[in-house]
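# Secondary and tertiary structure notes
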Amino acid sequence: MYEPIRTKSVHHTADGPNPDYPHRSREEELDIQLAGHLAALLAVTDELRAREDSADLDTAAERLAEQVGRLRGGPAPARVTGTRRERSAAALHRKAHALAGRALVVAASRADTAAAILAAERMDAHTAALEPRALASR
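Presented here is an overview of the structure given in this document. (Residues numbered from 1 in each chain as written. Predicted model: local features only at pLDDT ≥ 70, side-chain atom pairs only at ≥ 80, totals over all residues. Heavy atoms only, no water.)

What follows covers the packing of helix α3 (residues 89-109) against helix α4 (residues 113-129). Running from amino to carboxyl end, α3 crosses α4 at an angle of 155°, the nearest separation of the two axes being 8 Å. Between α3 and α4, the interaxial angle falls into the category roughly antiparallel. As for how α3 packs across α4, the hand of that crossing is left-handed. Note on element contacts: α4 touches α3 through Ala-115, Ala-116, Ala-119, Ala-120, Arg-122, Met-123, His-126, Thr-127 and Ala-129, opposite His-93, Ala-96, His-97, Ala-100, Gly-101, Ala-103, Leu-104 and Ala-107. Residue composition of the contact of α3 with α4, grouped by class: 11 nonpolar, 5 polar and 1 charged. (Axes fitted to C-alpha atoms, helices over the stretch in contact; angles between N-to-C directions. Helix = DSSP H or I, 4+ residues; strand = E, 2+ residues; numbered from the N terminus. Parallel < 35°, antiparallel > 145°, perpendicular 65-115°, else oblique. Left-handed = near helix turned anticlockwise from the far one by under 90°. Contact = heavy atoms within 4.5 Å. Nonpolar A, V, L, I, M, F, W, Y, C, P; charged D, E, K, R; others polar.)

Printed below as a string of structure tokens:
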């Protein structure tokens, strides 16, 4: 009823993985993904810092830059300061909350406690900033 497969698989070679093709481990892939989420969160945090003076945002930006540098295995990322887009503070806080949530999921999956704690703290801070009382004072 069924005809046997006569050709070799195109997905796997008989002699193992190709040494010419770079392969990353799951941990390396998660590090790259987490660094990307934290770098995006850092960019939004810097944009919020350009709009308002806040010691909390300054501290968060430094901690985020430190974590991105650690995950990338090098110095802290280059940052652009002084740029200001025409987005509302509420929109920026919602974006930062979403990015922190993504970072938290990846940090939890790779068991990175420091990054998970930082992401959870940022989620809490942006949630608090979105409360009606906080937005009315801006």
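A pair can form between side chains of opposite charge whenever their charged atoms are brought close. Scanning the entire structure with this criterion turns up 8 salt bridges. Across the pair Asp-31 and Arg-110 runs a salt bridge whose closest N-O atoms are separated by 2.4 Å. In this pair, Asp-31 sits in helix α1 (residues 26-51) while Arg-110 sits in the loop between α3 and α4, placing the two residues 79 residues apart along the sequence. Of the residues examined, Arg-110 reaches a relative accessible area of 22% and is grouped as partly exposed. Among the ionic pairs, Asp-112 bridges to Arg-110, the shortest N-O distance being 2.4 Å. By relative accessible area, which is 7% here, Asp-112 ends up buried. (Salt bridge = Lys/Arg side-chain N within 4 Å of Asp/Glu carboxyl O. Buried < 20%, exposed > 50% of the residue type's maximum accessible area, 1.4 Å probe, protein only.)

All right, on to the packing of helix α2 (residues 55-72) against α4 then. In the contact formed by α2 and α4, the axes pass within 11 Å of each other and the chain directions differ by 150°. Between α2 and α4, the angle falls in the class roughly antiparallel. Handedness of the α2/α4 crossing: left-handed. Contacts between α2 and α4 pair Asp-56, Leu-57, Ala-60, Arg-63, Leu-64, Gln-67 and Arg-70 from the former with Ala-114, Ala-115, Leu-118, Glu-121, Arg-122 and Ala-125 from the latter. Partitioned by chemical class, the residues of the contact of α2 with α4 number 7 nonpolar, 1 polar and 5 charged.

A few words on the nonpolar core. Grouped together as the largest cluster of nonpolar side chains are 27 residues, with contacts concentrated most on Leu-34, Leu-38, Leu-41 and Leu-64. Counting residues per element, the ones that place at least two in this core are α1, α2, α3 and α4. Counting residues per element, this core draws most heavily on α1, which supplies 9 residues. Beyond its immediate chain neighbours, meaning those up to four positions away, Leu-34 contacts Leu-71, Ala-103, Val-106, Ala-107, Arg-110, Asp-112 and Ala-115. (Core = buried A, V, L, I, M, F, W, Y, C linked by side-chain atoms within 4.5 Å.)

Read these as layout, nothing more, since geometry by itself doesn't imply function.
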